[in-house]
Amino acid sequence: MRFSYAESMCDPSHYLPLAVACENAGWDSIVVPDSICYPEVSDSKYPYTPDGNREFLKDKPFIEPFSLMPAMGAVTEKLRFTTFVVKLPIRLPVMVAKQAMSVAVLTNNRFAFGVGLSPWPEDFAVMGQDWKSRGKRMDEMIEIIRGLSTGEFFEYHGEHYDVQSIQMTPAPTEPLPILIGGHAEPALRRAARLGDGWMHAGGDAGDLERYLARLAALRKEYGREREPFEIHVISMDAYTLDGIKRLEDLGVTDAIVGFRDVYRAPDVPLQTKIDALRGFADSVIAKAS
């Protein structure tokens with residue numbers, strides 16, 4: 001089991017010392033969130049809070065992930081950075097490919113590209129992207145990013161994007177892992193068909209088992225059941241050694257662990273965060289390895 005530290009919507013000055021503390025304590029990764037903006041007026045519901053309330057996001061600081069990850073990479077040597085998740089179809093594929101490749105190069109392949117949709121139609125509107133075609137466009141974007149990240153000449157001619165033969169350098173020296181986030185059937189199918197892994201957004205333990213069973217069936221359907229596949233989850237089982245064993249038995253590869261409910265709890269001092277991540281590393285990570 002690998003362990004990813006989760007912290008977001010916090011004082012931006014905390015990120016770099018937290019990255020150093022995580023690496024020194026034995027954590028494997030930090031997950032990095034993505035949010036473009038907060039619309040003043042919206043009737044959209046947030047899918048990962050019980051009542052769909054989105055107001056917890058108002059005034060919360062989000063550093064753009066492709067800027068934050070190289071900064072943390074510069075003060076660490078081993079720590080991996082995983083976006084959780086970049087809202088892919090609100091962006092343009094060639095520019096995203098360049099950004100993702102640059103992060104992978106600057107961090108010496110310590111980057112896993114977690115991607116998903118966005119629950120906010122407003123994100124698409126302010127970025128000038130179509131909401132209704134988001135799923136199909138995301139599929140095409142993944143293929144474009146994967147093709148360009150090889151560093152070879154690549155062209156793409158799809159329903160939504162047309163890219164002439166181009167080359168991008170520098171390219172990462174290892175394949176860029178693309179992890180798909182989301183619980184809906186289209187997201188699970190996308191992960192099984194196109195992804196190098198899947199990212200879970202939390203919820204009921206029974207639901208997690210159903211998602212994993214469905215993923216396994218879909219990967220077999222697409223003939224990919226023998227290929228390497230990362231599974232990143234949020235689960236209370238990650239906080240105990242017995243629970244970690246249960247997650248491993250389910251095929252989980254990465255546990256996402258945080259110590260503050262960012263939906264409800266206010267930010268806390270940096271030292272409080274460092275003490276918590278060190279305590280977990282001593283009591284759980286060191287004994288689980």
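Residues numbered from 1 in each chain as written. Predicted model: local features only at pLDDT ≥ 70, side-chain atom pairs only at ≥ 80, totals over all residues. Heavy atoms only, no water.

Sorry if this is basic, but what is going on with the pattern of salt bridges here?
Inspection of the entire model under this criterion finds 21 salt bridges. With a shortest N-O distance of 2.9 Å, Asp 34 and Arg 91 are connected by a salt bridge. Highlighted residues: Asp 34 in the loop between β2 (29-32) and α2 (65-74) and Arg 91 in the loop between β4 (86-87) and α3 (93-106), separated in sequence by 57 residues. On the accessibility criterion, Asp 34 (8% relative accessible area) is buried. Classification of Arg 91 as buried rests on a relative accessible area of 8%. Salt bridges linked by common partners bring Arg 2, Arg 80, Glu 230 and Asp 254 together as one network. (Salt bridge = Lys/Arg side-chain N within 4 Å of Asp/Glu carboxyl O. Helix = DSSP H or I, 4+ residues; strand = E, 2+ residues; numbered from the N terminus. Buried < 20%, exposed > 50% of the residue type's maximum accessible area, 1.4 Å probe, protein only.)

Where do I start with the pairing of strand β11 (residues 254-257) in this structure?
Each regular strand shows side chains that alternate between the opposite faces of the sheet. Side chains Asp 254 and Ile 256 of β11 all project onto a buried face; the interleaved residues Ala 255 and Val 257 project onto the opposite face, where all are buried too. In terms of strand pairing, strand β1 (residues 2-6) meets β11 through four bridges, oriented parallel. Note on β11: the bridge partner recorded for Arg 2 is Asp 254. (Pairing = 2+ DSSP bridges.)

Help me understand the packing of aromatic side chains, please; the structure alone is not making it clear to me.
Working definition: an aromatic ring pair is given by the centre-to-centre distance plus the angle between the planes. Going through the model one piece at a time under the given rule, you end up with 12 aromatic pairs. Joined through ring pairs, the aromatic side chains of Phe 3, Tyr 5, Trp 27, Tyr 239, Phe 259 and Phe 280 make up one cluster. In this structure, Arg 134 packs its charged tip against the face of Trp 131, placed 3.7 Å from the ring centre. (Phe/Tyr/Trp six-rings, centres within 6.5 Å; stacked < 30°, edge-to-face > 60°. Lys NZ or Arg CZ within 6 Å of the ring centre and 35° of its normal.)

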